[in-house]
Amino acid sequence: MSKFVSLQTVIEDFEALPREDQDLLLDLIKKRRIEQRRKEIAKNAAQTQAAIEAGTAKCGTLEDLRRDLLSNE
């Protein structure tokens, strides 16, 4: 699926579908986006856990974070 399709073409094709198919497609896209986000969250959690285990994670208050960020400028 390396062929580029314009957004306008996708919209037009979507609008040409029967309402039931539009609803099904919208539901499918929503579920896939949710699953993508879950995978991103799991990846971030694994990276954070690895940093904690490696001892490279930092912890502190919001003020500590601000101070750390501002000291790097």
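Owing to the predicted nature of the structure, the values given are computational and were not obtained by experimental measurement.

1. Considering the overall build of the protein
Along the backbone of the protein there are three helices and zero strands. Helices and strands appear in the protein in the N-to-C order α-α-α. The burial tally for the protein puts 1% of its 73 residues in the buried class. Surface summary for the protein: the accessible area is close to 7,100 Å², and the carbon and sulfur share equals 57%. Distance between charge centres in the protein, computed from 13 positive and 14 negative side chains, equals 4 Å.

2. Remarks on the side chain of Q22
Its location among the elements puts Q22 in helix α2 (residues 19-54). Only 3.1 Å separates the side chain of Q22 from the backbone oxygen of F14, close enough to count as a polar contact. Not counting residues up to four positions away in its chain, the partners in contact with Q22 are F14, E15 and L17.

3. Observations concerning the environment of L7
Structurally, L7 is set in helix α1 (residues 7-16). A relative accessible area of 61% means that L7 is categorised as exposed.

4. Looking at a nonpolar patch on the surface
Nonpolar side chains collect at one region of the surface, where V5, L7, V10 and I11 lie side by side and expose about 340 Å² of accessible area between them. In this structure, I11 sits in helix α1.

5. Topic: the pattern of salt bridges
Under the criterion given, the structure shown has six salt bridges. Close ionic contact of D27 with K31 constitutes a salt bridge, the shortest N to O distance being 3.2 Å. With a gap of four residues between them, D27 and K31 both fall in helix α2, about one helical turn apart. You can call D27 partly exposed: its relative accessible area is 36%. The exposure class of K31 is exposed, given its relative accessible area of 53%. Close ionic contact of K58 with D68 constitutes a salt bridge, the shortest N to O distance being 3.2 Å. Remark: D68 occurs in helix α3 (residues 62-71) and K58 occurs in the loop between α2 and α3; sequence separation between them is 10 residues. Residue classification places K58 among the exposed residues on the basis of a relative accessible area of 69%.

Calculation rules
Residues numbered from 1 in each chain as written. Predicted model: local features only at pLDDT ≥ 70, side-chain atom pairs only at ≥ 80, totals over all residues. Heavy atoms only, no water. Helix = DSSP H or I, 4+ residues; strand = E, 2+ residues; numbered from the N terminus. Buried < 20%, exposed > 50% of the residue type's maximum accessible area, 1.4 Å probe, protein only. Areas by Shrake-Rupley, 256 points an atom, 1.4 Å probe, with all protein chains shown as cover. Lys, Arg positive; Asp, Glu negative; His and termini not counted. Charge placed at Lys NZ, Arg CZ, Asp CG, Glu CD. Polar contact = N/O pair within 3.5 Å; in protein donor to acceptor, adjacent residues only side chain to side chain. Contact = heavy atoms within 4.5 Å. Patch = residues over 30% accessible without salt bridge, like charges linked within 9 Å, V, L, I, M, F, W, Y side chains within 5 Å. Salt bridge = Lys/Arg side-chain N within 4 Å of Asp/Glu carboxyl O.

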